[in-house]
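Descriptive analysis of the structure
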Amino acid sequence: MELNFYKYQGTGNDFVMVDNRQGIFPKNDTKLVNFLCDRKFGVGADGLILLEDDDATDFKMVYYNADGNESSMCGNGGRCLVAFANFLNVVKEVCTFIAVDGLHSASIKDGIVSLAMQDVAEIATFEGYTFLNTGSPHHVQLVENLAALDVKSNGAKLRYGKYGSTGSNINFVSKEGDAAFAVRTYERGVEDETLSCGTGVTAVALAMHANGQTKENKVALTTPGGTLNVSFEKNGVGYKNIHLVGPATQVFSGLIKI
Ligand SMILES: N[C@@H](CCC[C@H](N)C(=O)O)C(=O)O
(Lines give C-alpha, C1' and ligand atoms only; values in the text may rest on other atoms or scores of the structure.)
Protein backbone atom coordinates (compact mmCIF):
# COMPACT_ATOMS: atom_id res chain seq x y z
CA MET A 1 0.00 0.00 0.00
CA GLU A 2 1.18 3.55 -0.66
CA LEU A 3 0.61 6.48 1.70
CA ASN A 4 0.30 10.05 0.47
CA PHE A 5 2.20 12.38 2.82
CA TYR A 6 3.31 16.01 3.11
CA LYS A 7 6.42 17.23 4.90
CA TYR A 8 6.30 20.52 6.85
CA GLN A 9 8.73 22.42 9.06
CA GLY A 10 8.28 25.24 11.55
CA THR A 11 11.61 26.82 12.56
CA GLY A 12 13.25 23.48 11.77
CA ASN A 13 10.91 21.32 13.90
CA ASP A 14 9.73 18.97 11.14
CA PHE A 15 6.64 16.84 10.68
CA VAL A 16 5.11 14.25 8.39
CA MET A 17 1.53 15.36 7.73
CA VAL A 18 -1.23 13.00 6.67
CA ASP A 19 -4.73 14.03 5.59
CA ASN A 20 -6.75 11.46 7.54
CA ARG A 21 -10.23 12.83 6.87
CA GLN A 22 -11.12 9.48 5.25
CA GLY A 23 -9.80 7.55 8.27
CA ILE A 24 -7.28 5.56 6.21
CA PHE A 25 -4.34 5.79 8.64
CA PRO A 26 -3.78 2.86 11.07
CA LYS A 27 -3.67 5.03 14.21
CA ASN A 28 -2.39 2.42 16.68
CA ASP A 29 0.55 1.33 14.52
CA THR A 30 3.47 2.69 16.60
CA LYS A 31 6.04 0.95 14.37
CA LEU A 32 4.61 2.58 11.23
CA VAL A 33 4.75 6.10 12.73
CA ASN A 34 8.30 5.44 13.94
CA PHE A 35 9.26 4.18 10.45
CA LEU A 36 7.73 7.22 8.69
CA CYS A 37 9.68 9.56 11.04
CA ASP A 38 12.96 7.63 10.60
CA ARG A 39 15.52 9.81 8.79
CA LYS A 40 17.30 6.83 7.15
CA PHE A 41 14.51 4.37 6.33
CA GLY A 42 11.42 6.59 6.14
CA VAL A 43 10.49 10.20 5.32
CA GLY A 44 12.26 11.64 8.37
CA ALA A 45 10.73 13.97 10.96
CA ASP A 46 10.50 14.91 14.65
CA GLY A 47 6.85 13.87 14.65
CA LEU A 48 3.81 12.84 12.61
CA ILE A 49 0.48 14.65 12.56
CA LEU A 50 -2.92 13.52 11.33
CA LEU A 51 -5.46 16.08 10.15
CA GLU A 52 -8.94 14.72 10.87
CA ASP A 53 -12.54 15.93 10.68
CA ASP A 54 -14.13 17.34 13.83
CA ASP A 55 -17.82 18.12 14.41
CA ALA A 56 -17.35 21.28 16.48
CA THR A 57 -14.23 22.89 14.98
CA ASP A 58 -12.53 23.16 11.57
CA PHE A 59 -10.35 20.06 12.12
CA LYS A 60 -8.74 17.77 14.67
CA MET A 61 -4.98 17.44 15.36
CA VAL A 62 -3.59 14.01 16.31
CA TYR A 63 0.11 14.23 17.22
CA TYR A 64 2.74 11.47 17.48
CA ASN A 65 6.38 11.87 18.51
CA ALA A 66 9.07 10.32 16.27
CA ASP A 67 9.22 7.30 18.61
CA GLY A 68 5.75 6.38 17.31
CA ASN A 69 3.75 7.22 20.43
CA GLU A 70 0.86 9.66 20.56
CA SER A 71 1.85 12.52 22.86
CA SER A 72 0.84 15.85 24.37
CA MET A 73 0.54 19.15 22.49
CA CYS A 74 3.06 20.20 19.87
CA GLY A 75 3.14 23.98 19.30
CA ASN A 76 5.21 23.99 16.12
CA GLY A 77 3.22 21.01 14.86
CA GLY A 78 -0.01 22.91 15.52
CA ARG A 79 1.30 25.86 13.52
CA CYS A 80 2.35 23.57 10.66
CA LEU A 81 -1.04 21.83 10.72
CA VAL A 82 -2.80 25.19 10.30
CA ALA A 83 -0.63 25.80 7.20
CA PHE A 84 -1.50 22.28 5.95
CA ALA A 85 -5.25 22.85 6.54
CA ASN A 86 -4.94 26.13 4.64
CA PHE A 87 -3.12 24.33 1.77
CA LEU A 88 -5.90 21.69 1.64
CA ASN A 89 -8.53 24.49 1.56
CA VAL A 90 -10.01 23.15 4.81
CA VAL A 91 -9.61 26.66 6.30
CA LYS A 92 -8.94 30.18 5.09
CA GLU A 93 -7.07 32.78 7.22
CA VAL A 94 -8.70 32.12 10.59
CA CYS A 95 -9.61 28.77 12.16
CA THR A 96 -10.25 26.73 15.26
CA PHE A 97 -9.15 23.17 15.88
CA ILE A 98 -9.22 20.60 18.62
CA ALA A 99 -6.02 19.00 19.93
CA VAL A 100 -5.13 16.71 22.82
CA ASP A 101 -4.95 19.70 25.22
CA GLY A 102 -8.23 21.29 24.07
CA LEU A 103 -9.49 23.99 21.72
CA HIS A 104 -7.07 26.23 19.78
CA SER A 105 -7.70 29.21 17.54
CA ALA A 106 -5.19 30.29 14.92
CA SER A 107 -4.62 32.57 11.97
CA ILE A 108 -2.30 32.37 8.96
CA LYS A 109 -1.04 35.17 6.75
CA ASP A 110 1.93 35.16 4.33
CA GLY A 111 3.19 31.87 5.78
CA ILE A 112 3.24 33.17 9.37
CA VAL A 113 0.98 31.27 11.77
CA SER A 114 -0.24 32.69 15.06
CA LEU A 115 -1.48 29.95 17.37
CA ALA A 116 -3.42 30.54 20.60
CA MET A 117 -2.11 28.26 23.33
CA GLN A 118 -3.94 27.06 26.45
CA ASP A 119 -3.90 29.29 29.52
CA VAL A 120 -1.22 28.35 32.03
CA ALA A 121 -2.47 28.32 35.63
CA GLU A 122 0.63 27.19 37.46
CA ILE A 123 4.37 27.83 37.26
CA ALA A 124 6.66 26.03 39.71
CA THR A 125 9.98 27.72 40.42
CA PHE A 126 12.80 25.77 42.06
CA GLU A 127 16.46 26.50 42.80
CA GLY A 128 18.03 26.81 39.33
CA TYR A 129 15.05 25.83 37.18
CA THR A 130 11.33 26.27 36.49
CA PHE A 131 8.73 23.65 35.56
CA LEU A 132 5.45 24.33 33.76
CA ASN A 133 3.01 22.74 31.34
CA THR A 134 2.17 24.66 28.14
CA GLY A 135 0.30 21.72 26.60
CA SER A 136 3.42 19.61 27.09
CA PRO A 137 5.64 19.47 30.21
CA HIS A 138 8.73 21.70 30.20
CA HIS A 139 11.80 22.11 32.41
CA VAL A 140 13.34 25.58 31.85
CA GLN A 141 16.90 26.31 32.95
CA LEU A 142 19.19 29.31 32.37
CA VAL A 143 22.75 28.24 31.47
CA GLU A 144 26.10 30.03 31.08
CA ASN A 145 27.40 28.88 27.70
CA LEU A 146 24.38 27.75 25.67
CA ALA A 147 26.25 27.43 22.36
CA ALA A 148 28.77 24.96 23.79
CA LEU A 149 26.30 22.88 25.82
CA ASP A 150 25.84 19.18 25.03
CA VAL A 151 22.04 19.39 24.97
CA LYS A 152 21.51 15.72 24.17
CA SER A 153 23.41 14.27 27.14
CA ASN A 154 22.46 16.98 29.67
CA GLY A 155 18.84 16.90 28.50
CA ALA A 156 18.64 13.10 28.68
CA LYS A 157 20.06 13.10 32.22
CA LEU A 158 17.32 15.49 33.43
CA ARG A 159 14.53 13.99 31.31
CA TYR A 160 15.03 10.52 32.76
CA GLY A 161 16.67 11.35 36.13
CA LYS A 162 14.47 14.13 37.44
CA TYR A 163 11.13 13.37 35.78
CA GLY A 164 10.87 9.58 35.94
CA SER A 165 9.12 7.44 33.34
CA THR A 166 6.68 10.18 32.18
CA GLY A 167 9.61 12.47 31.52
CA SER A 168 9.68 16.11 30.46
CA ASN A 169 11.04 18.22 27.65
CA ILE A 170 14.17 20.10 28.75
CA ASN A 171 14.90 23.70 27.65
CA PHE A 172 18.28 25.37 28.14
CA VAL A 173 18.17 29.15 27.91
CA SER A 174 20.41 32.20 27.68
CA LYS A 175 19.28 35.81 28.01
CA GLU A 176 20.11 37.84 24.89
CA GLY A 177 18.30 41.12 25.65
CA ASP A 178 15.41 42.68 27.62
CA ALA A 179 12.85 40.65 25.70
CA ALA A 180 15.04 38.18 23.80
CA PHE A 181 16.23 34.71 24.74
CA ALA A 182 18.10 31.93 22.96
CA VAL A 183 16.72 28.43 23.54
CA ARG A 184 17.90 24.87 22.85
CA THR A 185 15.50 22.03 23.61
CA TYR A 186 15.84 18.31 24.30
CA GLU A 187 12.53 16.76 23.25
CA ARG A 188 10.88 13.84 24.96
CA GLY A 189 9.77 11.26 22.36
CA VAL A 190 12.46 12.35 19.91
CA GLU A 191 15.07 11.75 22.66
CA ASP A 192 17.42 14.27 21.15
CA GLU A 193 17.83 18.00 20.62
CA THR A 194 15.40 19.34 18.00
CA LEU A 195 15.96 22.59 16.09
CA SER A 196 12.98 24.23 17.80
CA CYS A 197 10.07 23.42 20.14
CA GLY A 198 6.92 25.56 20.17
CA THR A 199 5.51 24.58 23.57
CA GLY A 200 9.14 24.83 24.78
CA VAL A 201 9.71 28.45 23.73
CA THR A 202 6.24 29.29 25.11
CA ALA A 203 7.32 27.80 28.45
CA VAL A 204 10.59 29.75 28.33
CA ALA A 205 8.81 33.07 27.66
CA LEU A 206 6.39 32.55 30.58
CA ALA A 207 9.08 31.25 32.94
CA MET A 208 11.37 34.20 32.17
CA HIS A 209 8.51 36.64 32.83
CA ALA A 210 7.43 34.84 36.03
CA ASN A 211 11.03 34.89 37.32
CA GLY A 212 11.61 38.58 36.54
CA GLN A 213 14.08 37.99 33.68
CA THR A 214 11.83 40.10 31.41
CA LYS A 215 9.13 42.66 32.08
CA GLU A 216 7.84 42.58 28.48
CA ASN A 217 4.64 40.81 27.38
CA LYS A 218 6.06 39.91 23.98
CA VAL A 219 9.28 37.93 23.86
CA ALA A 220 11.51 36.81 20.95
CA LEU A 221 12.91 33.30 21.27
CA THR A 222 15.76 32.30 18.99
CA THR A 223 16.21 28.58 18.45
CA PRO A 224 18.78 26.81 16.23
CA GLY A 225 16.02 26.65 13.57
CA GLY A 226 14.88 30.28 13.69
CA THR A 227 13.04 32.86 15.75
CA LEU A 228 9.55 32.58 17.26
CA ASN A 229 7.57 35.23 19.14
CA VAL A 230 5.42 34.58 22.19
CA SER A 231 2.95 37.14 23.60
CA PHE A 232 0.91 36.73 26.77
CA GLU A 233 -0.98 38.45 29.60
CA LYS A 234 -0.56 37.86 33.31
CA ASN A 235 -3.61 36.18 34.86
CA GLY A 236 -3.22 35.98 38.66
CA VAL A 237 -0.34 33.58 39.27
CA GLY A 238 -0.66 32.27 35.71
CA TYR A 239 -0.94 33.53 32.13
CA LYS A 240 -3.69 33.88 29.49
CA ASN A 241 -4.02 35.05 25.86
CA ILE A 242 -0.80 33.23 25.01
CA HIS A 243 0.14 33.30 21.32
CA LEU A 244 2.96 31.46 19.59
CA VAL A 245 3.88 33.14 16.28
CA GLY A 246 6.25 32.11 13.50
CA PRO A 247 6.71 30.61 10.03
CA ALA A 248 5.36 27.24 8.90
CA THR A 249 6.40 25.86 5.52
CA GLN A 250 5.59 22.91 3.25
CA VAL A 251 8.88 21.33 2.19
CA PHE A 252 7.82 18.49 -0.09
CA SER A 253 5.14 15.85 -0.58
CA GLY A 254 5.18 12.30 -1.86
CA LEU A 255 4.06 8.69 -1.76
CA ILE A 256 5.74 6.13 0.48
CA LYS A 257 5.32 2.35 0.49
CA ILE A 258 3.98 1.15 3.84
N1 LIG B 1 7.92 19.89 19.22
C2 LIG B 1 6.79 20.12 20.00
C3 LIG B 1 6.64 19.36 21.28
C4 LIG B 1 6.16 17.96 20.98
C5 LIG B 1 5.77 17.15 22.19
C6 LIG B 1 6.94 16.71 23.00
N7 LIG B 1 7.95 16.03 22.28
C8 LIG B 1 6.41 15.84 24.15
O9 LIG B 1 6.19 14.63 23.97
O10 LIG B 1 6.17 16.38 25.24
C11 LIG B 1 6.42 21.57 20.08
O12 LIG B 1 6.71 22.31 19.12
O13 LIG B 1 5.76 21.98 21.04
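Treat the numbers as computed from the prediction; the structure is a model and nothing was measured. (Residues numbered from 1 in each chain as written. Predicted model: local features only at pLDDT ≥ 70, side-chain atom pairs only at ≥ 80, totals over all residues. Heavy atoms only, no water.)

It is worth spelling out the UniProt feature "active site" (unreviewed entry) in the chain at this point. Under the local residue numbering, the UniProt record ascribes the feature "active site" (unreviewed entry) to C74 and C197. The greatest C-alpha distance among the annotated residues, which extend across 124 residues, is 7.7 Å, indicating that they converge on a single site. Judged by its relative accessible area of 6%, C74 is buried. Setting aside its immediate chain neighbours within four residues, C74 contacts N13, F15, M61, Y63 and T199. Its place among the elements puts C197 in the loop between β13 (192–194) and α4 (198–210). Assessed through its relative accessible area of 5%, C197 is described here as buried. The contacts of C197, once residues within four sequence positions are left out, are N13, N76, H138, T185 and E187. (UniProt positions renumbered as here; feature names shortened; annotations may be inferred. Buried < 20%, exposed > 50% of the residue type's maximum accessible area, 1.4 Å probe, protein only. Contact = heavy atoms within 4.5 Å. Helix = DSSP H or I, 4+ residues; strand = E, 2+ residues; numbered from the N terminus.)

Right, let's get into the site of the ligand. Surveying the vicinity of the ligand reveals 16 residues, the closest of which are S71, N169, R188, G198 and T199. In this structure, an oxygen atom belonging to the ligand sits 3.4 Å away from a side-chain N or O atom of S72. At 2.6 Å, a side-chain N or O of T199 approaches an oxygen atom of the ligand. Bound to the protein, the ligand loses 100% of the 360 Å² it would expose on its own. A class-by-class count of the residues in the shell around the ligand yields 4 nonpolar, 10 polar and 2 charged. (Near = heavy atom within 4 Å. Polar contact = N/O pair within 3.5 Å; in protein donor to acceptor, adjacent residues only side chain to side chain. Areas by Shrake-Rupley, 256 points an atom, 1.4 Å probe, with all protein chains shown as cover. Nonpolar A, V, L, I, M, F, W, Y, C, P; charged D, E, K, R; others polar.)

Enumeration according to the criterion identifies 9 aromatic pairs in this entry. When the ring of F15 is compared with that of Y63, the centres are 6.4 Å apart and the planes differ by 70 degrees; the resulting orientation is edge-to-face. Of this pair, F15 sits in strand β2 (residues 13–19) while Y63 sits in strand β4 (residues 59–65); the two residues are 48 residues apart in sequence, bridging distant segments of the chain. Each of the two residues, F15 as well as Y63, counts as buried. Aromatic side chains F232 and Y239 sit 5.4 Å apart centroid to centroid with 90 degrees between the ring planes, which places their arrangement in the edge-to-face category. Judged on exposure class, the residue F232 and its partner Y239 are both buried. Through pairs of rings, three or more aromatic residues link up here, namely Y6, Y8, F84 and F87. The ring of Y239 has K234 lying over it, and the distance from NZ or CZ to the ring centre is 4.6 Å. (Phe/Tyr/Trp six-rings, centres within 6.5 Å; stacked < 30°, edge-to-face > 60°. Lys NZ or Arg CZ within 6 Å of the ring centre and 35° of its normal.)

We now examine the environment of E216. Looking at the secondary structure, you find E216 in the loop between α4 and β14 (218–223). When the C-alpha atoms of E216 and F232 are compared, they prove to be 9.2 Å apart, with 16 residues separating the residues in sequence. Those residues in contact with E216, other than ones at most four positions away along the chain, are D178, A179, H209 and F232.

Turning to unusual backbone geometry, a few remarks are in order. Backbone geometry at T11 places phi at a positive 45 degrees, although glycine is not the residue there. Looking at the secondary structure, you find T11 in the loop between β1 (2–10) and β2.

Grouped together as the largest cluster of nonpolar side chains are 50 residues, with contacts concentrated most on M17, F59, M61, F97 and L221. Element by element, the count of residues in this core is highest for α4, at 7 residues. Setting aside its immediate chain neighbours within four residues, M17 contacts F5, Y6, Y8, I49, G77, C80, L81 and F84. Counting residues in each nonpolar core, the second largest holds 17 residues, with C37, V43, Y64 and I256 among its members. (Core = buried A, V, L, I, M, F, W, Y, C linked by side-chain atoms within 4.5 Å.)

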